[in-house]
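One letter stands for each residue in the lines below.
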There are 2 protein chains.
Amino acid sequence: MHTLRMSRITISPRIRMTPFHESTVAAGLSDLTVYNKMVLPTSYGDLKAEYDRLINGVALWDVSAERQVEVSGPDADACVQYLTSRDLGKQKEGQGYYVAMCDHAGRILNDPVLLKLSGNRYWFSLADSDMLYWCRAIAAEKGFDVEVCEPDVSPLALQGPKAEDLVAELFGEHIRDLRYFGFIETDLDGIPLVLCRSGWSKQGGFELFLQDGSRGNELYQKVLTAGEKYDIGPGAPNHVERVESALLSWGGDTTPESNPFESGMGRFVHTDTDVDYIGKEALQAIVANGGPERLLCGLIVEDETVDAWPLPARTPVRHNGEEVGTMSAIVHSHRMDKTIALAQVRRDLVEQGEVVQVEGPAGQASATITSLPFL
Amino acid sequence: MHTLRMSRITISPRIRMTPFHESTVAAGLSDLTVYNKMVLPTSYGDLKAEYDRLINGVALWDVSAERQVEVSGPDADACVQYLTSRDLGKQKEGQGYYVAMCDHAGRILNDPVLLKLSGNRYWFSLADSDMLYWCRAIAAEKGFDVEVCEPDVSPLALQGPKAEDLVAELFGEHIRDLRYFGFIETDLDGIPLVLCRSGWSKQGGFELFLQDGSRGNELYQKVLTAGEKYDIGPGAPNHVERVESALLSWGGDTTPESNPFESGMGRFVHTDTDVDYIGKEALQAIVANGGPERLLCGLIVEDETVDAWPLPARTPVRHNGEEVGTMSAIVHSHRMDKTIALAQVRRDLVEQGEVVQVEGPAGQASATITSLPFL
């Protein structure tokens, strides 16, 4: 399976390059993937150094591929609520919510952060699926008076314990008051952006949502220069850290049939609410029937052969020979000095913390179910 | 820009592998891309040999990434018509139609081949966008009584002048009677598949729509063995041949705002019809206003520096210094011994066959607009 590791990627105009492209190449970009039909850098050649930088310093990530869908107009509140399985009644301007977007059968289609901008204007900051089309279909057929578009907005993430000091130096001390998922519209020497305390790690940090793609490399260089004293360096969403922190990879940890309860998103789904949204009846039925069939869980694995790269595909999880789930990620945790994994497994086995068998890179291994996150 | 050419691809469970994966690795897979969140092989290390095989012999392509969306049920006819800007009134079972799927503003979302299977059952055989979600949104909100799913169907293409002899040997002489886009449900030694006279080249051939992913490598090996006497070999949708033949790459040759008239699909769009479909009013308005602003056209380019790989991004087309369109592909045609390109350019310039300036891999070059296809 791992033979693909050495394959070259063919880029064509169907796959978009990012506004930070020249800077990432200059920084030594070596590995990448495709996400929302855009290049997503995955490494600059030294995954361990990139991990250490994220845990101890500050890492600079080009996550432009985390695209935005903007919903604006008189019916924006109603439209966005209808698209989201979380009660948005208390969401304030300047606040982001982690939400599940579901289809009418309750399957999870995306797990964005929803930013409430000024007035009737929202951004879904998205995982890897074409929610632009989904939102346009719903808005048009339901007759909402909104405009739905993908704006020129590309996030650049600063992640790690030293990110806050760097961002305070760039934007002012007031940014220290931002709560998690809190954001402001601002600029850096005239480069327009939304600054949000967010990012796909648990090491703290911010995302600069660049609002002018023509100025990407300018922004990148300004941050890089100011970051020198904080030992800044290039990085990318880190597979080991995200498994340690149990951050969901939609489409990776989930299957096409997964509902949000099976995806670790239960606490962001409101079924006991008056608001109307897509998939509500299906999700209520799951609750009424006692809960989902599977749960996302952690595994402590007896296997010392794994590296820091993703599994190329989900593999079966078995219990007494019976297939009871799928494993979607397995890594060696540097901080735990253990091999850990993420899986969706039959709920009764998860609740009992059973021992299961998994298929790691080197073959069968025993694994003990544990709660999430690991760290 | 071409620095990405040597980047490695990171595969994770979010990106699906194909049922033919082991066979493509054994055949020497060297380059790939991501299409519909699935691996799409792009080369086995020798693009010229792959081109020659396609033009003179028979090439075996893993095009599993051309996913199907199946619409079935009592309202399938009405639902599929509503999703399609072509009048389907005369489509017969066993017949494929090349169609545009548009949004409510007339933008083209995909350019699938629509296969009408037995009864109220259709497959959209898709380009690279999440039409599963689009179709489910429309079907649910519009209240069509249908089921929409992505079935376990993965096409394996046999392309080139010797493909018909090989397919006749495998399936029987009757397959020679199939018309273009005509298809039958059949099997190969019990491996269930739909056999269709189709494929993303103009060199003739067939696609075997495998209906059991667990038997992919078995099917591949059977075809490879039977193909030995026809000098079969591995290949992939060929960038040079597809430019020569002017086969549309949706998302590459089109922009997010393109309508089908600008994408060379005008003759497959019916605006003077009683049937109702998404985008009809917007498309009628374009016709009423005299036609689209741009047209897809060919260019004969004064530039000898191009190779057989795709451009990494669209580049501007200029006329007297003014930007008048975008170029999406530029290759050296082996059969024409000329450098040729595809572009969307302002309609009046296309209709007059003007000389324009393009940005090729080596910089500015003059180009003469010409009609399509080149060959």
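Residues numbered from 1 in each chain as written. Chains lettered and ligands numbered in written order. Predicted model: local features only at pLDDT ≥ 70, side-chain atom pairs only at ≥ 80, totals over all residues.

This part is about the overall build of chain A. Across its full length, chain A holds nine helices and 22 strands. The C-alpha radius of gyration computed for chain A amounts to 21 Å, which stays within 12% of the reference 21 Å derived for 375 residues, consistent with globular compactness. By principal-axis analysis of the C-alpha atoms, chain A measures approximately 60 × 50 × 40 Å. Considering only contacts within chain A whose residues lie at least 6 apart along the sequence, 68% involve residues at least 24 apart. (Helix = DSSP H or I, 4+ residues; strand = E, 2+ residues; numbered from the N terminus. Rg over C-alpha atoms; globule rule 2.2 N^0.38 Å. Contact = placed C-beta atoms within 7 Å.)

We now examine the interface of chain B and chain A. Taken residue by residue, the interface counts 46 residues in chain B and 46 residues in chain A. Sorting the residues of the side of chain B that touches chain A by element identifies strand E1 (8-9), strand E2 (31-35) and helix H4 (131-142) of chain B as the ones contributing at least two each. Element by element, the count of residues in the side of chain B that touches chain A is highest for H4(B), at eight residues. A breakdown of the residues in the side of chain B that touches chain A according to their chemical character gives 21 nonpolar, 13 polar and twelve charged. Where strand E2 (residues 31-35) of chain A lies against E1(B), two bridges are found, and the strand directions are parallel. Residue pairing across strands places Leu32(A) opposite Ile9(B), the latter belonging to E1(B). (Nonpolar A, V, L, I, M, F, W, Y, C, P; charged D, E, K, R; others polar. Pairing = 2+ DSSP bridges.)

Attention now moves to the sheet that holds strand E13 (residues 183-188) of chain A. Residues and elements named next belong to chain A. Ordered by their spatial adjacency, six strands build an open sheet running E13-E14-E15-E12-E4-E16, and the pairing between neighbours is mixed. Each edge of the open sheet carries a strand with a single partner, namely E13 and strand E16 (233-235). The average undirected angle you get between the axes of adjacent strands in this sheet is 30 degrees. Of the strands in this sheet, strand E12 (154-159), E13, strand E14 (191-196) and strand E15 (205-210) are in contact with helix H5 (residues 163-171), which crosses E12 at around 125 degrees. Where helix H6 (residues 216-226) meets the sheet, it contacts strand E4 (59-62), E12, E13, E14 and E15, and its direction lies at approximately 10 degrees from that of E12. (Axes fitted to C-alpha atoms, helices over the stretch in contact; angles between N-to-C directions.)

A separate point is the relation of the copies chain B and chain A. For the pair chain B and chain A, the superposition axis carries a translation of 0.0 Å, the fit reaches an RMSD of 0.0 Å, and the rotation angle comes to 180 degrees. Seen this way, the second copy is the image of the first under a two-fold rotation axis. Residue Arg8(B), judged by its C-alpha, is the member of chain B lying nearest the rotation axis, at 2.3 Å. When the interface residues of chain B are mapped onto chain A, 100% of them are again interface residues, pointing to one common binding face. (Least-squares fit on C-alpha atoms with pLDDT ≥ 70 in both.)

All names here are of chain A. Domain boundaries assigned for chain A yield domain 1 (2-66 + 153-242) and domain 2 (293-375). A separation of 29 Å is found between the C-alpha centroids of domain 1 and domain 2. Each partner contributes residues to the interface: domain 1 has eight residues there, and domain 2 has seven residues. Ranked by residues supplied to the side of domain 1 that touches domain 2, first place goes to helix H2 (residues 47-56) with three residues. For the side of domain 1 that touches domain 2, the residue count by class is four nonpolar, two polar and two charged. (Domains from an automatic or database assignment.)

Right, let's talk about unusual backbone geometry for a bit. With an omega of -5 degrees, the peptide bond between Leu372(A) and Pro373(A) qualifies as cis. Relative to the assigned elements, Pro373(A) resides in the segment after strand E22 (363-370). The backbone of Lys37(B) shows a phi angle near 55 degrees, a positive value even though the residue is not glycine. Take Lys37(B): it is sitting in the loop between E2 and strand E3 (38-43). Of note, the phi angle at Asn320(B) is positive, near 50 degrees, even though the residue is not glycine.

With that out of the way, let us pick up helix H5 (residues 163-171) of chain B. Residues and elements named next belong to chain B. Of all the positions in H5, only Ala 163, Leu 166 and Val 167 are classed as buried. The arc that holds every buried residue of H5, seen down its axis, measures 95 degrees, which confines them to one face. Against strand E12 (154-159), strand E15 (205-210) and helix H6 (216-227) lie the buried residues of H5. At the exit of H5 stands Gly 172, carrying a positive phi of roughly 110 degrees. (Buried ≥ 20, exposed ≤ 12 C-beta atoms within 10 Å, placed from the backbone. Arc of directions from axis to C-beta.)

This part is about the sheet that holds E15(B). Two strands in a sheet stick together by hydrogen bonds in their backbones, pointing the same way (parallel) or opposite ways (antiparallel). Residues and elements named next belong to chain B. If you walk across this open sheet you meet the six strands as E13-E14-E15-E12-E4-E16, and the pairing is mixed. With partners counted over all chains shown, the strands left at the sheet margins are strand E13 (183-188) and strand E16 (233-235), one partner each. Pairs of neighbouring strands in the sheet enclose a mean axial angle of 30 degrees, with direction left out of account. Sheet topology places E13 next to strand E14 (residues 191-196); six bridges connect them, and they run antiparallel. Directly across from Thr 186, in E14, lies its bridge partner Leu 193. Contacts from H5 reach E12, E13, E14 and E15, with the element oriented near 125 degrees to E12. The strands that H6 touches are strand E4 (59-62), E12, E13, E14 and E15; relative to E12, the one it contacts most, it runs at about 10 degrees.

A word on the pairing of E12(A). Residues and elements named next belong to chain A. For E12, the buried fraction is high: six of the six residues fall into the buried class. Burial along E12 is two-sided: the face carrying Ser 154, Leu 156 and Leu 158 and the face carrying Pro 155, Ala 157 and Gln 159 are both buried. In this sheet, E12 lies alongside E4 in antiparallel orientation, the contact comprising four bridges. Considered in E12, the bridge of Trp 61 is made with Ala 157.

The predicted model of chain A has a mean per-residue pLDDT of 96, with 99% of residues at 70 or higher. Interface scoring of the predicted complex returns ipTM 0.97; its pTM is 0.97. (pLDDT = per-residue confidence, 0-100.)

With that out of the way, let us pick up the pairing of E15(B). All names here are of chain B. In terms of burial, E15 is largely enclosed, as six of its six residues are buried. As paired elements, E12 and E15 share six bridges and run antiparallel to each other. Bridging across to E15, Leu 156 finds its partner in Leu 208. The pairing of E14 with E15 spans four bridges and is classified as antiparallel.

In this section: the packing of helix H4 (residues 131-142) of chain A against H4(B). Interaxial distance between H4(A) and H4(B) falls to 8 Å at its minimum, and their mutual angle equals 15 degrees. Considering their axes alone, H4(A) and H4(B) lie roughly parallel with respect to each other. Crossing of H4(A) over H4(B) shows right-handed handedness. Between H4(A), through Tyr133(A), Trp134(A), Ala137(A), Ile138(A), Glu141(A) and Lys142(A), and H4(B), the contact on the second element is made entirely by Tyr133(B), Trp134(B), Ala137(B), Ile138(B), Glu141(B) and Lys142(B). Here the residues of the contact of H4(A) with H4(B) sort into eight nonpolar, no polar and four charged. (Parallel < 35°, antiparallel > 145°, perpendicular 65-115°, else oblique. Left-handed = near helix turned anticlockwise from the far one by under 90°.)

Let us look at the environment of Tyr98(A). Residues and elements named next belong to chain A. Checked against the element boundaries, Tyr 98 lands in strand E6 (residues 96-98). Separated by 36 residues in sequence, Tyr 98 and Asp 62 place their C-alpha atoms 21 Å apart. Apart from residues lying up to four places away in sequence, Tyr 98 is in contact with Val 113 and Phe 268.

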